[in-house]
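What follows is each chain in one-letter form.
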Amino acid sequence: MKKINAMKSKLYKIETVIDLINDGQLLALAGDEKVLQNLPKGNWIAGTIPYFMGEEKGLFSQELIFVNQLSNISDEFLIKEYDVTNIENIAEDSYENGFTMIIVPPFQEIHKEFALKSKEIEGMYDNPVFGWVAGMDLNSEDVPKTFNGITGKSNNDKAIAVHVKLPEDKVARLEIVNIFKQDINGIEIKPLEDGFEISDCLVNGERTNFAKYISDNNIDIKSPLTTSYSGAIINVSFKNIDTENNKVDLYAPVFKDSVYRLSIPVNNYAADFEKNIPKIDTSVEFACNCILNYLYGELEGKRIENFTGPITFGEIAYTLINQTMVYLVIE
Amino acid sequence: MESIPKKDRPEWKIILNPESKIVFNNFVLQMKITQAKKDIVKGKKTMEKAVDEIHALCQKYALAVKQDMEMIFNEKN
């Protein structure tokens, strides 16, 4: 395999991506279905999305493809599809030292199963397991899909993953950048059940209908629910306040063994991301950011320095999270 | 701190105590410790097994967890 080490993770035209595939490169791709479906078979995985953070600015494109060129990292890999019957094997399938990148279709059984169970999978934290939830043009009826480049087939109900082996002297490290801070002086929310919706919950210890509480108190649902995992602030975004059925729909699950708080609204998303991104001595191999940050923060046309990648319908950093930038470095 | 402290140090059990409110800087350590504490509460994992796993994780990410190790074990080179 010829290595094209000078190439970076960035947006490319389809002709360049076809050349890379035909060269045998291992690629993780993000693009609109209309362009992904024209790619030849090869060593690649992909998910549908037409929103990106490019080198110069955030943009919408149904022609360009975002390429993470994994051949620069390793030649040893395994591409595998996952559904609810085998997702529990994802950590077991990974190499002893490496990482796993996964793309999941939204609102399907595999999405729900992964979100609810991934944290408890044995060995889940031995290597970085990261990736994103596929999406589509928000002004279309398109169906989000994942692609297995080996077979050339797409799916709307299966996740696709690539397990990559790293040499012994390298280690992959997964990090997140969350611009939202917990409102520690505000209410404490304790769900009564695990899941993607909240009906009744405990608000400051009192049983309360959460949809009614949000509606009555005019809470800004552009800012996510948050919980602290030993200092890591994990976001769960609001999808819809269903006052008719007295429930709150969410883009990721809440868990009854966790305590949640509202977050403090952000004024300037792009500036806050740049402010919160740590100094990194090595190159970022992968990054993605959330469609809600892109929309609420009006990131189209704005630049986040040194971080490029797909704008996604959910981010995966061992588990499903929302409104968060996820990135991988190799040291 | 050049290496990760031995597994028999009592601090490992302190950070894995489900009542512990200690916060960390490294992301995978934050995730792993939170899950390990939940597994201990549910009886899915023993404290000894959790210490083994956290110790192995810290050895793998020795550089990335350096700040957390110094904070927990109060040791600096």
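Keep in mind it's a predicted model, so treat the numbers as computed, not measured.

1. Considerations on helix α3 (residues 109–117) of chain A
- Listed in full, the buried residues belonging to α3 of chain A are Ile110, His111, Phe114 and Ala115 of chain A. Looking straight down α3 of chain A, one finds its buried side chains confined to an arc of 125°; they lie on one side.

2. Details of the packing of aromatic side chains
All names here are of chain A.
- Per the stated rule, a full pass over the model turns up 12 aromatic pairs over all chains.
- Considering the side-chain rings of Phe307 and Tyr327, the 5.1 Å spacing of their centres and the 75° angle between planes classify their relative orientation as edge-to-face. One end of the pair, Phe307, is in the loop between α6 (291–296) and β24 (309–312); the other, Tyr327, is in strand β27 (residues 325–330), with 20 residues separating them in the sequence. Each of the two residues, Phe307 as well as Tyr327, counts as buried.

3. Focus on the side chain of Thr319 of chain A
- Within the secondary structure, Thr319 of chain A is located in strand β26 (residues 319–321).
- Within polar-contact distance, the side chain of Thr319 of chain A engages the side chain of Ser118 of chain A at 3.4 Å.
- Setting aside anything within four residues of it in sequence, one finds Thr319 of chain A in contact with Phe114, Ala115, Ser118 and Lys119 of chain A together with Met31 of chain B.

4. Considering the sheet that holds strand β8 (residues 98–104) of chain A
Residue and element names in this part refer to chain A.
- Reading across the sheet, the 6 strands line up as β7-β12-β8-β9-β25-β26 and stay open at both edges, with mixed pairing between neighbours. Both outer strands of the open sheet, β7 (77–82) and β26, are each paired with one neighbouring strand and no more. On average, each strand axis in the sheet is tilted by 20° relative to the strand beside it, whichever way the strands run.
- Relative to strand β12 (residues 159–165), β7 runs antiparallel, the two sharing 6 bridges. Residue Glu81 lies in a different strand from β12, and its bridge partner there is Ile160.

5. With respect to the interface of chain B and chain A
- At the junction of the two partners, chain B supplies 23 residues and chain A supplies 25 residues.
- Across the interface of chain B and chain A, roughly 1,900 Å² is buried in total on both sides, 54% from carbon and sulfur atoms.
- Inspection of the chain B/chain A interface yields 9 residue pairs in polar contact (both at pLDDT 80 or more).
- Per-element tally for the side of chain B that touches chain A: the top contributor is helix α2 (residues 27–42) of chain B, with 11 residues.
- A breakdown of the residues in the side of chain B that touches chain A according to their chemical character gives 10 nonpolar, 4 polar and 9 charged.

6. Describing the environment of Ile103 of chain A
Residues and elements named next belong to chain A.
- Note on placement: Ile103 falls in strand β8.
- Residue Ile103 is classed as buried on the basis of its relative accessible area of 0%.
- Spatially, the C-alpha atoms of Ile103 and Val171 are 22 Å apart, while their sequence positions differ by 68 residues.
- Beyond its immediate stretch of four places on either side in the chain, Ile103 contacts Leu29, Ile45, Ala46, Gly47, Trp132, Ala134, Thr146, Ala159 and Ile160.

7. Notes on the domain arrangement of chain A
Residues and elements named next belong to chain A.
- Taken domain by domain, chain A comprises domain 1 (10–176 + 271–330) and domain 2 (188–262).
- Taken together, the contacts link 14 residues of domain 1 with 16 residues of domain 2.
- The junction of domain 1 with domain 2 conceals about 1,400 Å² of combined surface from both sides, 62% of it contributed by carbon and sulfur atoms.
- The interface formed by domain 1 and domain 2 holds 0 salt bridges in total.
- At the boundary of domain 1 and domain 2, one finds 8 residue pairs in polar contact (both at pLDDT 80 or more).
- Contributions of two or more residues to the side of domain 1 that touches domain 2 are made by α3, α6 and β26.
- For the side of domain 1 that touches domain 2, the leading source of residues is α3, giving 4 residues.

8. A look at the nonpolar core
- Counting residues in hydrophobic clusters, the biggest one holds 123 residues, and the most contacted among them are Phe99, Ile102, Phe210 and Leu225 of chain A.
- Considering every element that reaches this core, the biggest residue donor is α2 of chain B, with 7 residues.
- Each of domain 1 (10–176 + 271–330) and domain 2 (188–262) of chain A gives at least three residues to this core.
- The next biggest cluster of nonpolar side chains, apart from the first, holds 15 residues, and it includes Tyr12, Leu20, Leu29 and Ala46 of chain A.

9. What about the packing of α2 of chain B against helix α3 (residues 47–60) of chain B?
Residues and elements named next belong to chain B.
- Across the interface, α2 lies against α3 with an axial gap of 10 Å and an inter-helix angle of 170°. One element, α2, and the other, α3, form an angle in the roughly antiparallel class. In contact with Val28, Leu29, Lys32, Ile33, Ala36 and Ile40 of α2, α3 contributes Met47, Ala50, Glu53, Ile54, Leu57 and Cys58.
- Looking at the contact of α2 with α3, its residues break down into 10 nonpolar, no polar and 2 charged.

Calculation criteria
- Residues numbered from 1 in each chain as written.
- Chains lettered and ligands numbered in written order.
- Predicted model: local features only at pLDDT ≥ 70, side-chain atom pairs only at ≥ 80, totals over all residues.
- Heavy atoms only, no water.
- Buried < 20%, exposed > 50% of the residue type's maximum accessible area, 1.4 Å probe, protein only.
- Helix = DSSP H or I, 4+ residues; strand = E, 2+ residues; numbered from the N terminus.
- Arc of directions from axis to C-beta.
- Phe/Tyr/Trp six-rings, centres within 6.5 Å; stacked < 30°, edge-to-face > 60°.
- Polar contact = N/O pair within 3.5 Å; in protein donor to acceptor, adjacent residues only side chain to side chain.
- Contact = heavy atoms within 4.5 Å.
- Pairing = 2+ DSSP bridges.
- Axes fitted to C-alpha atoms, helices over the stretch in contact; angles between N-to-C directions.
- Buried area = accessible area lost by both parts, 1.4 Å probe.
- Nonpolar A, V, L, I, M, F, W, Y, C, P; charged D, E, K, R; others polar.
- Domains from an automatic or database assignment.
- Salt bridge = Lys/Arg side-chain N within 4 Å of Asp/Glu carboxyl O.
- Core = buried A, V, L, I, M, F, W, Y, C linked by side-chain atoms within 4.5 Å.
- Parallel < 35°, antiparallel > 145°, perpendicular 65-115°, else oblique.

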